[in-house]
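# Tertiary structure, described
Letter by letter, the chains look like this.
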Amino acid sequence: MKDKLTLIAMRDIVPQEVHWLWRPYIPFGKITIIQGDGGGGKTTVVLAITASATKGDLLPECEEALSPMSVIYQTAEDGLADTIKPRLLSLGADCDRIHVIDEGDSELSMLDERIEQAIVRTGAKLFILDPLQAYLGAGVDMHRANEIRPVFKRLGAVAERTGCAIIIVGHLNKSGGKSQYRGLGSIDIFAAARSVLTLGRIKDAPNMKAFAHGKSNLAPEGQSIAFELNPETGFRWIGAHPITIDEILKGGGVVADKEGVSEKAVALLESELSDKIVSASEMFSKAKDQNISARTLKTAKAVLGVRTFKKGNQWLWTLMPEEGKE
């Protein structure tokens, strides 16, 4: 009888560096889950990431911008013509770089060979499935580990072979507890992802939301990132925010203590940034001189909507309008 056993010696494994679309949130060649309650801004954030990827923009708290890339965006919840494209255009996306697999004749699933074919044909470096439950495939029970594991194993292999970052958008369940138990379906869905980002609202700030890093296998967890969804002005990244994953899951935490040192932090930022651009390092130094912690300064920064951008090797802050940038 032929021996079917094959062993791989660890000495023969060649170490590989992890490459990032957005370090440490979205790795290339892996699966990332972005999850949140309905209406929490998941699709908007994914569309904003898509737009930035097609333009090669610098994402918040990121050190280096990437070259513009192609993206494949699959959605089962929103119309392409009346919802997705208008929102992409409002975000300044390069729609020449965004593709959709035609599901007119047959619906797409995570096991569909067209996913890898489309990635290879377009050279896409980002592939998005929105939402999770629409693309599991007929007959796959999302609550059964034995049915979920082979689906995610195959999709993960596609990501590995192509080097494409795959984002899956998911909903939260209504139960309490830790973030790994809040996603819909089996815990094996959470386990299969290398990075999980959980979105939620920020208390006392009607137009502000944030995502927190609930899982990160390939790098230390990143800071929470806040963004604004303003009915009049649309989407805007705000940047690092001190809100935690537990605060998001409990309903948003508190934007800022309205007493004491937080008022000092707000006053400091307003006095320094209203009419000029100041480096982040200088602002942290000034805050330290006034006994304002870095966390409190970041909270005040989020409350005020301080804009941040990078010039050379420095992160710069300002409260001046966009045209005030140098």
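Nothing here was measured: the structure is a model prediction, and the numbers come from that model.

### Some remarks on the overall build of the chain
Per the secondary structure count, the chain includes nine helices and 14 strands. In terms of overall dimensions, the chain is globule-like: its C-alpha atoms have a radius of gyration of 21 Å, near the 20 Å expected for 326 residues. Overall, the C-alpha framework of the chain stretches about 80 × 45 × 40 Å when taken along its three principal axes. The burial tally for the chain puts 49% of its 326 residues in the buried class. Partitioning the intrachain contacts of the chain with sequence separation of at least 6 by distance along the chain shows that 67% fall at a separation of at least 24. For the chain, the accessible area works out to roughly 16600 Å², and carbon and sulfur atoms hold 49% of it. Of the side chains in the chain, 40 bear a positive and 42 a negative charge, and the two mean positions are spaced by 5 Å.

### Quick look at the packing of helix α1 (residues 42-55) against helix α2 (residues 80-90)
At a minimum axis separation of 9 Å, α1 and α2 run at an interaxial angle of 50 degrees. As summarised for this structure, α1 and α2 are arranged oblique, according to the angle between their axes. Note that α1 runs across α2; the crossing there is right-handed. Contacts between α1 and α2 pair Thr43, Thr44, Leu47 and Thr50 from the former with Ile84, Arg87 and Leu88 from the latter. A per-class count over the contact of α1 with α2 returns three nonpolar, three polar and one charged.

### Section: the sheet that holds strand β13 (residues 307-311)
In spatial order, the strands read β12-β14-β13; together these three strands make up an open sheet with antiparallel pairing. Because the sheet does not close on itself, it has two edges, and the strands there are β12 (277-279) and β13. Sheet twist, expressed as the mean angle between neighbouring strand axes with direction ignored, is 35 degrees. Strands β12 and β14 (314-318) of the sheet are contacted by helix α8 (residues 280-289), whose axis makes an angle of about 80 degrees with β12.

### Examining the sheet that holds strand β7 (residues 165-171)
Taken together, the nine strands give an open sheet; going across it, the order is β5-β4-β6-β7-β3-β8-β9-β10-β11, and neighbouring strands pair in mixed fashion. Two strands bound the open sheet, and with one partner strand each, they are β5 (98-99) and β11 (234-241). Two strands pair when backbone bridges link them, and strand β9 (residues 208-216) and strand β10 (residues 224-230) are joined in this way by four bridges, in the antiparallel orientation. Within β10, the residue paired with Met208 across the bridge is Glu228. Helix α3 (residues 114-122) contacts β4 (71-75), β5 and β6 (126-130) of the sheet and is inclined by roughly 150 degrees relative to β4.

### Quick look at the packing of aromatic side chains
The full count for this structure, using the stated rule, is eight aromatic pairs. Seen from their ring centres, Trp22 and Tyr25 are 5.0 Å apart, and the 65 degrees between their planes marks the pair as edge-to-face. Taken individually, Trp22 and Tyr25 each receive the classification buried, so the pair is uniform in this respect. An angle of 85 degrees between the planes, with centres 5.7 Å apart, marks the rings of Trp22 and Phe211 as edge-to-face. In this pair, Trp22 is assigned in strand β1 (residues 20-22) and Phe211 in strand β9, connecting sequence segments 189 residues apart. Comparing Trp22 with Phe211 shows no difference in burial state: the two are buried. Taken together, the ring pairs connect Trp22, Tyr25, Phe211, Phe227, Phe235 and Trp237 into an aromatic cluster. The lysine or arginine in question, Lys125, covers the ring of Phe28, its NZ or CZ lying 5.3 Å from the ring centre.

### A few points about the pairing of β4
Counted residue by residue, β4 has five buried out of five residues, so it is predominantly covered. Here β4 shows no split at all, with Val71, Tyr73 and Thr75 on one side and Ile72 and Gln74 on the other all buried. As paired elements, β4 and β5 share two bridges and run parallel to each other. Directly across from Ile72, in β5, lies its bridge partner His99. Chirality of the crossover, the property in question, places the unit of β4, α2 and β5 among those that are right-handed. As paired strands, β4 and β6 are joined by five bridges and run parallel to one another. The partner of Ile72 across the bridge, within β6, is Phe127.

### As for unusual backbone geometry
Of the consecutive residues Arg23 and Pro24, the connecting peptide bond is found in the cis state with omega at 0 degrees. Within the element layout of this structure, Pro24 appears in the loop between β1 and β2 (26-27). In this model, Asp130 is joined to Pro131 through a cis peptide bond whose omega is 5 degrees. Relative to the helices and strands, Pro131 resides in the loop between β6 and α4 (145-162). Unusually for a residue other than glycine, Glu61 sits at a positive phi of about 60 degrees. As for its position among the elements, Glu61 is in the loop between α1 and β4. Residue Asn291 is not a glycine yet carries a positive backbone phi of 60 degrees. Assignment of secondary structure puts Asn291 in the loop between α8 and α9 (294-304). You can call Asn291 exposed: its relative accessible area is 67%.

About the cut-offs
- Residues numbered from 1 in each chain as written.
- Predicted model: local features only at pLDDT ≥ 70, side-chain atom pairs only at ≥ 80, totals over all residues.
- Heavy atoms only, no water.
- Helix = DSSP H or I, 4+ residues; strand = E, 2+ residues; numbered from the N terminus.
- Rg over C-alpha atoms; globule rule 2.2 N^0.38 Å.
- Buried < 20%, exposed > 50% of the residue type's maximum accessible area, 1.4 Å probe, protein only.
- Contact = heavy atoms within 4.5 Å.
- Areas by Shrake-Rupley, 256 points an atom, 1.4 Å probe, with all protein chains shown as cover.
- Lys, Arg positive; Asp, Glu negative; His and termini not counted.
- Charge placed at Lys NZ, Arg CZ, Asp CG, Glu CD.
- Axes fitted to C-alpha atoms, helices over the stretch in contact; angles between N-to-C directions.
- Parallel < 35°, antiparallel > 145°, perpendicular 65-115°, else oblique.
- Left-handed = near helix turned anticlockwise from the far one by under 90°.
- Nonpolar A, V, L, I, M, F, W, Y, C, P; charged D, E, K, R; others polar.
- Pairing = 2+ DSSP bridges.
- Phe/Tyr/Trp six-rings, centres within 6.5 Å; stacked < 30°, edge-to-face > 60°.
- Lys NZ or Arg CZ within 6 Å of the ring centre and 35° of its normal.
- Right-handed = clockwise from strand over helix to strand, strands pointing away.

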